[in-house]
Each structure stands twice: as structure tokens, then as C-alpha cells.
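In case you want the letters, here they are:
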Amino acid sequence: MSNDLERQIAEIARRAEVASDVMAELGTRDKNAWLARVVERLEAAKDRILEANERDRAEAREKGVATPLVNRLALADGKWEDMLQGVRDVIALPDPIGEISDMKVRPNGLRVGRMRIPLGVIGIIYESRPNVTVDAAALCVKAGNAVILRGGSEAFHSNQALGEELRAAASDVGLPEDAVTIMPTTERAAIDVLLRQDRYVDLIIPRGGPGLIAHVNEHSRIPVIMHDAGICHVYLDPSADPDMARD
């Protein structure tokens, strides 16, 4: 692993931490203004982003990636509108920051409750679908966090194009671009470097297959929120052929 990569990722994390201090103080109006500008910039840059997306899909086909996985990369048609609507939906959500719950009065008269506050810097490591880049960034911004996004290498060009608009939207409304950063490399080693940035990053969220989840959980120095396969059930109708269903 090169020292240059170590320094590059550490600097990204440091800048995200600086931005997170600003994000934590933002009011709802400022956060929503950023997200509204994201929708505008994505619409204006649609052709350029879809060109980058088609480049990813073409490279995936050249590498022999299975057709269903290539299709998951697509941003065209309904997926594009769903992505933009997702940002609008986040704008419409109530601001979670400052919400107080479970307020209780102790015998001495002291009032104790829970207040929702930003987490700080969140690193999200995910695979395939590039719309996750926008979804994750929007949710983190609304909750007053900075985020470092590391998508799958198969969606690299799409994610970079989307990230440019996310960051430019922040600059347009006078907010720190470094609150949203797309990892600028496809090197797998960059993930492990990110997982060691416990000085700057407060939480890691992996989103993908069992291999990714296990790797992140094993190597991270940072607290991890992870999902598993979940509890899955299959129900077989009495009229079904059990052997066919099993196959």
C-alpha cells in the first residue's frame, strides 16, 4: 500500500471532520436549501451523468458481468426520477436534530431525556447501484452529518459524476463541499485505510454482500452499524410441486 494513498484518505477524512462541525450547527432551512439545489443540479447535468453511467455499464459488459448486475447499475428511465424524488422526500421529512424523547423527572426534580444530535463523520461502503450515492448523501445531510462514500468500482464513473454535483450544490448555497466526499479511487486498499481513520470518522456503515460486511466488521477501528441477511421465509402453497420449488 502506498504512502500516497494513506495520506490521501487521511486528508479526506480530516476535511470531512472539519465540515462536520459546520453541518452540526446547520438549521433545517440551510440543509433543505442544499438538497433542493442538488435536485436542480442533477437535472441540469443529467446528460453528462447518464453518459458516465453508460460508460460504467459498457465496461461491466466488457468484463463479462452478468446482465442482471449490469442492469442494476442503470440510472436511466424510472430510476432517475426515483432518485430525484428520493431527495425531495428527504427534504419533506421533519428535521430529526434536536428532537427530545423519553423525558423523565427524577425525584430531585432533574429532568432527564434523550436528544437527537448529529453523529459526525459517517463512512458508507456500498456496492453496485449508484443511486445509493445520492440517497445516502441526502440522508446524512438532513441529519447534520458529513459523509465519505465509497461505492463499488463498477459504478465509479457514475458516482464521481454524481458526487461532483452534490459537492457543487453545497458550494452554491454557501456550505462546505467536504461534507460529502466520494472516494476518488477504485483501489480496494482504500477501504482498509478508511477503516483506520478513527481519529476523524465516527461511524462506518457497510451495505452489500456478506463478504463486504464481514471484512468491514473485522478490520474497522471505527464503530460499525451492519446488516445481515435478515430472517427470510418461503411459504409453499399446497398446490405447488415441492420438488420443483426446492430446485
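You'll find the structure just up there.
Along each chain, the written sequence defines residue order, and numbers are assigned to residues from 1. The model is predicted, so local features are restricted to residues of pLDDT at least 70 and side-chain atom pairs to those at 80 or more, both for listing and for counting; the totals for chains, interfaces and linings are taken over all residues. Where side-chain values are given, they derive from all heavy atoms of the structure, hydrogens and water being excluded.

### Overview of the overall build of the chain
Working step 1: Strands are runs of DSSP state E lasting at least 2 residues, helices are runs of H or I lasting at least 4, and numbering of each runs from the N terminus. When its secondary structure is counted, the chain shows 10 helices and 6 strands.
Working step 2: For the chain, the spread of C-alpha atoms along the principal axes amounts to about 65 × 50 × 40 Å.
Working step 3: Remark: exposure states derive from per-residue accessible area (1.4 Å probe, protein chains only) relative to the maximum for the residue type, with buried under 20%, exposed over 50%, and partly exposed in between. Looking at the chain as a whole, 40% of its 247 residues qualify as buried.
Working step 4: A separation of at least 24 residues holds for 70% of the contacts in the chain among residues at least 6 apart in sequence.
Working step 5: Only carbon and sulfur atoms are counted for the fraction: they give 50% of the accessible area of the chain, which is about 13,800 Å². Throughout, a contact is declared for two residues whenever any of their heavy atoms are within 4.5 Å. Note on areas: Shrake-Rupley, 1.4 Å probe, and residue coverage restricted to the protein chains presented here.

### A look at unusual backbone geometry
Working step 1: In this model, aspartate 77 sits at a positive phi of 60°, which is unusual for a non-glycine residue.
Working step 2: Positionally, aspartate 77 belongs in the loop between α4 (67–72) and α5 (78–92).
Working step 3: Unlike most non-glycine residues, aspartate 102 shows phi in positive territory, near 55°.
Working step 4: Take aspartate 102: it is sitting in strand β1 (residues 100–105).

### Remarks on the pattern of salt bridges
Working step 1: One speaks of a salt bridge when a side-chain nitrogen belonging to Lys or Arg is within 4 Å of a carboxyl oxygen belonging to Asp or Glu. Summed over the entire model, instances satisfying the criterion amount to 20 salt bridges.
Working step 2: We note a salt bridge from arginine 7 to aspartate 4, for which the minimum N-O separation is 2.4 Å. Of the two residues, arginine 7 and aspartate 4 both sit in helix α1 (residues 3–23), 3 residues apart, roughly one turn of that helix. Both residues of the pair, arginine 7 and aspartate 4, belong to the exposed class.
Working step 3: Glutamate 177 is the salt-bridge partner of arginine 167, the closest N and O atoms lying 3.6 Å from each other. Of this pair, arginine 167 sits in helix α7 (residues 156–172) while glutamate 177 sits in the loop between α7 and β5 (180–182), and the two are 10 residues apart along the sequence.
Working step 4: In this structure glutamate 177 comes out as partly exposed when scored by relative accessible area, which is 33%.
Working step 5: Among the charged side chains, a network of salt bridges with common partners joins Arg37, Glu40, Arg41, Arg48, Glu164, Glu165 and Asp172.

### So, a positive patch on the surface
Working step 1: A grouping of Arg72, Lys79, Arg129 and Arg207 is seen on the molecular surface, where their side chains present a positively charged patch.
Working step 2: Looking at the secondary structure, you find arginine 129 in the loop between β3 (121–126) and α6 (131–142). In this scheme, patches are assembled from residues that exceed 30% relative accessible area and form no salt bridge. Like charges are connected within 9 Å, while nonpolar side chains (Val, Leu, Ile, Met, Phe, Trp, Tyr) are connected within 5 Å. A residue counts as positive if it is Lys or Arg and as negative if it is Asp or Glu; His and the chain ends are not included. Charge coordinates come from a single atom per side chain, which is NZ of Lys, CZ of Arg, CG of Asp or CD of Glu.

### Quick look at the environment of glutamate 154
Working step 1: By the element assignment, glutamate 154 lies in the loop between β4 (146–150) and α7.
Working step 2: Note: C-alpha distance between glutamate 154 and arginine 57 (97 residues apart in sequence) is 7.8 Å.
Working step 3: The contacts of glutamate 154, once residues within four sequence positions are left out, are Asp56, Leu73, Glu127 and Ser128.

### Some remarks on the layout of surface pockets
Working step 1: Only protein atoms enter the 1 Å grid used here, on which a cavity is any set of points holding a 1.4 Å probe that cannot leave and a pocket is any open set flanked by protein within 12 Å on both sides along at least five of seven lines; residues with an atom within 4 Å of a point are listed as lining. Grid points are joined across faces, edges and corners, and a volume is the space filled by probe spheres set on the points. A volume near 220 Å³ is recorded for the largest pocket.
Working step 2: Lining the largest pocket are Ile125, Tyr126, Glu127, Arg150, Gly151, Gly152, Ser153, Glu154, Thr186, Arg188, Ile191 and Leu212.
Working step 3: Gly falls in the polar group here, along with every residue not listed as nonpolar (Ala, Val, Leu, Ile, Met, Phe, Trp, Tyr, Cys, Pro) or charged (Asp, Glu, Lys, Arg). Here the lining of the largest pocket is composed, by residue class, of 4 nonpolar, 4 polar and 4 charged.

### Section: the packing of helix α3 (residues 46–62) against α7
Working step 1: All axes are obtained by fitting lines to C-alpha atoms, using only the stretch in contact for helices, and the reported angles, taken between N-to-C directions, cover 0 to 180 degrees. Where α3 contacts α7, the axes come no closer than 7 Å and their chain directions differ by 160°. Relative to α7, α3 is oriented roughly antiparallel. Pair α3 / α7 crosses with left-handed handedness. The residues of α7 that touch α3, namely those facing Arg48, Ile49, Ala52, Asn53, Arg55, Asp56 and Glu59, are Phe156, His157, Ser158, Ala161, Leu162, Glu164 and Glu165. Oblique is the label for every angle not falling under 35 degrees (roughly parallel), over 145 degrees (roughly antiparallel), or within 65 to 115 degrees (roughly perpendicular). Two helices cross in a left-handed way if the nearer one is turned anticlockwise from the farther one by less than a right angle. They cross in a right-handed way if the turn is clockwise.

### Considering α7
Working note: α-helix, 3.6 residues per turn, so residues spaced by three or four point in the same direction.
Working step 1: What a helix should span is 1.5 Å times the count of its residues minus one. With 17 residues, α7 should cover 24 Å at 1.5 Å per step; its first-to-last C-alpha distance of 24 Å lies within 8% of that length.
Working step 2: Those residues of α7 that sit buried are His157, Ser158, Asn159, Ala161, Leu162, Gly163, Glu165, Leu166, Ala168, Ala169 and Ala170.
Working step 3: Contacts from the buried residues of α7 go to α2 (28–44), α3, α5, β3, α6 and β5.
Working step 4: Just past α7, the residue glycine 174 takes up positive phi, approximately 80°.

### What about a negative patch on the surface?
Working step 1: Taken together, the side chains of Glu17, Asp21, Glu25 and Asp202 make up a negatively charged region of the molecular surface.
Working step 2: Looking at the secondary structure, you find aspartate 21 in helix α1.
Working step 3: Classification of aspartate 21 as exposed rests on a relative accessible area of 53%.

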